[in-house]
Structure formats: structure tokens, C-alpha cells
Amino acid sequence: QVQLVESGGGSVQAGGSLRLSCAASGYTYSSYAMGWFRQAPGKEREGVAAIYTSGGRTYYSDSVKGRFTISQDNAKNTLYLQMNSLKVEDTAMYYCAADPNGGRWYRPINPNDFGYWGKGTQVTVSS
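Residues numbered from 1 in each chain as written. Predicted model: local features only at pLDDT ≥ 70, side-chain atom pairs only at ≥ 80, totals over all residues. Heavy atoms only, no water.

Let's talk about unusual backbone geometry
Here's step 1: With an omega of 5°, the peptide bond between R107 and P108 qualifies as cis.
Here's step 2: Summarising the element assignment, P108 is placed in the loop between β9 (92–99) and β10 (116–117).
Here's step 3: One non-glycine residue with positive phi stands out, namely N77, at about 50°.
Here's step 4: Despite not being glycine, S85 shows a phi value in the positive range, around 50°. (Helix = DSSP H or I, 4+ residues; strand = E, 2+ residues; numbered from the N terminus.)

A closer look at the side chain of R38
Here's step 1: Take R38: it is sitting in strand β4 (residues 33–39).
Here's step 2: Within the local environment of R38, its side chain forms a polar contact with the side chain of E46, the two groups lying 2.9 Å apart.
Here's step 3: Side-chain polar atoms of R38 contact the side chain of S63, separated by 3.4 Å.
Here's step 4: Apart from the residues lying within four places of it in its own chain, the contact partners of R38 are E44, R45, E46, V48, S63, V64, F68, E89, D90, A92, M93 and Y94. (Polar contact = N/O pair within 3.5 Å; in protein donor to acceptor, adjacent residues only side chain to side chain. Contact = heavy atoms within 4.5 Å.)

Quick word on the packing of aromatic side chains
Here's step 1: Scanning all chains against the criterion turns up seven aromatic pairs.
Here's step 2: Their ring planes at 15° and their centres at 4.4 Å tell us that Y27 and Y32 sit as a pair that is stacked.
Here's step 3: Accessibility expressed as a relative area gives 13% for Y27, which makes it buried.
Here's step 4: Centre to centre, the rings of Y95 and W117 are 6.4 Å apart; their planes meet at 80°, and the pair counts as edge-to-face. (Phe/Tyr/Trp six-rings, centres within 6.5 Å; stacked < 30°, edge-to-face > 60°. Buried < 20%, exposed > 50% of the residue type's maximum accessible area, 1.4 Å probe, protein only.)

Digging into the sheet that holds strand β3 (residues 18–25)
Here's step 1: Pairing in this open sheet of four strands is antiparallel, and the strands run β1-β3-β8-β7 from one edge to the other. Looking at strand neighbours, the two that pair on one side only are β1 (3–7) and β7 (68–73), the edges of this open sheet. With strand direction ignored, the average angle separating the axes of adjacent strands in the sheet is 15°. (Pairing = 2+ DSSP bridges. Axes fitted to C-alpha atoms, helices over the stretch in contact; angles between N-to-C directions.)

Re the nonpolar core
Note that soluble globular proteins tend to have their nonpolar side chains buried in a common cluster.
Here's step 1: If you look at the biggest cluster of nonpolar residues, it comprises 28 residues, and the most contacted ones within it are M34, W36, L79, L81, M83 and Y94.
Here's step 2: Looking at this core, the elements with two or more residues in it are β3, β4, β5 (46–51), β7, β8 (78–83), β9 and β11 (121–126).
Here's step 3: Aside from chain neighbours lying at most four places away, what touches L81 is L18, R19, L20, W36, V48, A49, F68, T69, I70 and Y94.
Here's step 4: Among the nonpolar cores identified, the runner-up in size contains eight residues, and A33, F37, Y59 and A97 belong to it. (Core = buried A, V, L, I, M, F, W, Y, C linked by side-chain atoms within 4.5 Å.)

Limitation: the analysis is restricted to geometry and does not speak to function.
Right, dumping it as C-alpha cells:
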């Protein structure tokens, strides 16, 4: 059974940093692409970053490029999102997700391409 569990969320001042983790289990990690998404109240879910687990190619939304870094530890089946220079507008519930059809062109990073989801971890950035 595919299971994704996020951790690392919390409250931080604008300009600060957080590191999110996603522990994956129940499948062969390297067979799926992985992604991070976020959703704020009243807004649609948006793609933040994605990574191909075989080869490590990465994709980022324009709003986070240069500030966020997606990475992984394949041996530990763990996905990470390092978030630096956080802004108030980054406040959202953050979700990790897996795409069984990995290797897509994630431009844009579309939530509909990802079939498995974690329950999310809250990130709150205050001024």
C-alpha cells in the first residue's frame, strides 16, 4: 500500500527557513516521480516542485525557483523540500505526492498527474 507521510512544517518569520520531509513506503521509490504541492484556504492546489527519482531531474514553479530546493535520499525512500527566504504568501498546507507514470514533462507541475498523496503538513509564515 502506497503511503506518504509529511513532516517538518511549522511557523516561521518571513525570511526564515524550513525543511520538509516526506517518508514514502509501500512501493519501489525509484519507479515513481515525486512532487511537492501546496494549498492555501480558498485557493486551488498548486505545484511547487517535482523530481524524477531515476536521474534526479527537477522542476520548480516560478514562484519558488531560487528559494526552494527539492531533493531526495533514494536509499531512505525520503523526499525533501528545503525552503529558504520564506514569504507570507508561502503560507499553505504542503503535500507530497507520487506519480506512478514518472518521467513526465512537469511544466507546469499539475496535481492531476500525481495519483498518491500524503495528508499534508502546515507551513505558516508571518511578518
